[in-house]
Amino acid sequence: MLKAIAEDCRTHVTPENHFNLMRLDGREALVSKMWACDDHEALRLPMIYAAAFIATGEREWLEEAKRFLGPGVEQSMRMHNRDSWWDLPIAQMQFSLLLLRECGLFPEKEAQLDQVLARTGEFGLSHLESTIAEAEKFTGEWGVLNANWRRGRFSLHPDSISDNGFCIACQGNMYATPVFPLSYLEPNTLLRRLGCSLAIMAAGRLALPDELRHRLKTLLNNIDFSRCGGDGTVKLLHGLVVAEVSCDTKDMFIRERMHHENLSTACF
């Protein structure tokens, strides 16, 4: 499967296709640009090629990874405007960073990758602290389920996803997003942010301070996860697992309780 994904990237992610993965009908997809993309996405393509080499041992994929890795690392190190970062894309970025850093194939890039991991890890720790503070003030119900978004309202997203940033009046690509009820959106977003922040912090090998550990443990112990829905609980479980491995949070027994409360069934 990894080889098939790499082959698809090599076929479609070309200058002629504006480095887009493309749709099955041959048209460009809206959010599938794999190169000449945003800073936090710059290592996805070399990650895919490196994974294909690890899985197959076929050297052609290692050469493809090396071709894109240098520029991708340089772009990742230029990430700026930290105030505009948010948890989900930075958490996704860790998959690329960790695979490329830990595979042992690129020793000449390890120091630079460590710098990016450290920088994003600091963001994760800061974001975790602010999210815990928000969650402690939350007075709503944690277990509100989402409505049927297919029958709900949609809003036009204020940002353009066209390369030139043009608005819809100038042939830009605006897009619609479902409007979720705040009673569901707020708790689900808080749980997602907690999980993503933990994963980002752990990837940067930062320790969870005792005070934050205690506050997080107290917060999560007061949530009935058997009644929670949405992807926030999945992100939280992932963050707790990663943090347990990387930051020695073995006293955070919430992970076991989330399993016992049939988290997977509750989410889906």
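Before reading on, note that the structure itself is shown above.
Residues numbered from 1 in each chain as written. Predicted model: local features only at pLDDT ≥ 70, side-chain atom pairs only at ≥ 80, totals over all residues. Heavy atoms only, no water.

Explain a nonpolar patch on the surface here, please?
On the surface, a cluster of nonpolar side chains totalling about 340 Å² of accessible area is made up of Met 1, Leu 2 and Ile 5. Checked against the element boundaries, Ile 5 lands in helix H1 (residues 2-12). For Ile 5, a relative accessible area of 38% translates into the label partly exposed. (Patch = residues over 30% accessible without salt bridge, like charges linked within 9 Å, V, L, I, M, F, W, Y side chains within 5 Å. Areas by Shrake-Rupley, 256 points an atom, 1.4 Å probe, with all protein chains shown as cover. Salt bridge = Lys/Arg side-chain N within 4 Å of Asp/Glu carboxyl O. Helix = DSSP H or I, 4+ residues; strand = E, 2+ residues; numbered from the N terminus. Buried < 20%, exposed > 50% of the residue type's maximum accessible area, 1.4 Å probe, protein only.)

Can you help me understand empty space enclosed by the protein in this one?
One water molecule sets the probe size; rolling that probe over the atoms shows where empty space is left. Using the criterion set out here, one finds one cavity of 30 Å³ or more in the structure. Considered as a void within the structure, the largest cavity measures approximately 40 Å³ in volume. If you go around the largest cavity, the residues you meet are Trp 142, Val 144, Tyr 184, Pro 187, Asn 188, Leu 191, Cys 228 and Gly 229. (1 Å grid on protein atoms, 1.4 Å probe; cavity = no way out; pocket = protein on both sides within 12 Å on 5 of 7 lines; lining within 4 Å. Points joined across faces, edges and corners; volume = space filled by probe spheres on them.)

Got a minute to help me understand the environment of Glu 63 in this structure?
Among the secondary structure elements, Glu 63 is positioned in helix H3 (residues 59-77). Separated by 13 residues in the primary sequence, Glu 63 and Ala 50 place their C-alpha atoms 8.8 Å from one another.

I'm lost on the packing of helix H4 (residues 87-102) against helix H5 (residues 110-137) in this one. Help?
If you want to describe how two helices pack, look at the angle between their axes and the distance between the axes. Between H4 and H5, the least distance of the axes is 10 Å, while the angle of their chain directions is 150°. Here H4 lies roughly antiparallel to H5, going by the angle between them. Here H4 runs over H5; the crossing is left-handed. Between H4 and H5, the residues in contact are Asp 87, Ile 90, Met 93, Gln 94, Leu 97, Leu 98, Leu 100 and Arg 101 and Glu 110, Leu 113, Asp 114, Val 116, Leu 117, Thr 120, Phe 123 and His 127, respectively. Per-class residue counts for the contact of H4 with H5 are nine nonpolar, three polar and four charged. (Axes fitted to C-alpha atoms, helices over the stretch in contact; angles between N-to-C directions. Parallel < 35°, antiparallel > 145°, perpendicular 65-115°, else oblique. Left-handed = near helix turned anticlockwise from the far one by under 90°. Contact = heavy atoms within 4.5 Å. Nonpolar A, V, L, I, M, F, W, Y, C, P; charged D, E, K, R; others polar.)

In this structure, what is going on with the side chain of Gln 75? I would like to understand it.
Relative to the assigned elements, Gln 75 resides in helix H3. Of the polar contacts made by the side chain of Gln 75, one reaches the backbone oxygen of Cys 37; its length is 2.7 Å. Among the polar contacts made by the side chain of Gln 75, one reaches the side chain of Asp 39 at a distance of 3.0 Å. If we skip the residues at most four places from it in the chain, Gln 75 touches Cys 37, Asp 38, Asp 39 and Ala 42. (Polar contact = N/O pair within 3.5 Å; in protein donor to acceptor, adjacent residues only side chain to side chain.)

What exactly am I supposed to notice about the packing of aromatic side chains here?
Summed over the entire model, instances satisfying the criterion amount to six aromatic pairs. Summarising the aromatic geometry, the rings of Trp 35 and Phe 68 are spaced 4.8 Å apart at their centres and angled 80° between planes, so their arrangement reads as edge-to-face. Linking Trp 35 in the loop between H1 and helix H2 (44-56) with Phe 68 in helix H3, this pair joins segments that are 33 residues apart in sequence. Of the two residues examined, Trp 35 and Phe 68, each falls in the buried class. (Phe/Tyr/Trp six-rings, centres within 6.5 Å; stacked < 30°, edge-to-face > 60°.)

Honestly, H4 in this entry has me stumped. Any pointers?
Within an α-helix, residues lying three or four positions from one another point in the same direction, as the helix has 3.6 residues per turn. If you check H4, its first and last C-alpha atoms are 22 Å apart, about what 16 residues at 1.5 Å a residue would give, namely 22 Å. For H4, the complete set of buried residues consists of Asp 87, Pro 89, Ile 90, Ala 91, Met 93, Gln 94, Ser 96, Leu 97 and Leu 100. Of the surrounding elements, those touching the buried residues of H4 are H2, H3, H5 and helix H6 (182-203). Looking one or two places after H4, you find Gly 104, whose phi comes out positive at around 80°. (Expected span 1.5 Å × (residues − 1).)

Looking at this structure, I do not really get the nonpolar core. What am I missing?
Note on soluble globular proteins: their nonpolar side chains tend to be buried together. The biggest cluster of nonpolar side chains holds 34 residues, and the ones touching the most others in it are Leu 43, Leu 45, Tyr 49, Leu 97, Leu 100 and Phe 106. Those elements that provide at least two residues to this core are H1, H2, H3, H4, H5 and H6. The element contributing the most residues to this core is H2, with seven residues. In this structure, Phe 106 is in contact with Ala 50, Leu 62, Ala 65, Lys 66, Leu 69 and Leu 100, ignoring residues within four places of it in sequence. Ile 132, Trp 142, Leu 190 and Leu 198 belong to the second-largest nonpolar core, a separate cluster that totals 22 residues. (Core = buried A, V, L, I, M, F, W, Y, C linked by side-chain atoms within 4.5 Å.)

Hey, could you run me through the pattern of salt bridges in this one?
Applying the stated criterion across every chain yields a total of 14 salt bridges. For Glu 60, the salt bridge goes to Arg 10, with nearest N and O atoms at 2.8 Å. Of the two residues, Glu 60 is situated in helix H3 and Arg 10 in helix H1; the sequence distance between them amounts to 50 residues. The exposure class assigned to Glu 60 is partly exposed, which follows from its relative accessible area of 38%. Between Asp 87 and Arg 192 there is a salt bridge, and its shortest N-O distance comes to 2.8 Å. Pair noted here: Asp 87 is in helix H4 and Arg 192 is in helix H6, with a separation of 105 residues, a long-range link. Overall, Arg 192 belongs to the buried group, its relative accessible area being 14%. Look at the salt bridges and you will find they share partners, linking Arg 101, Glu 110 and Asp 114 into a network.

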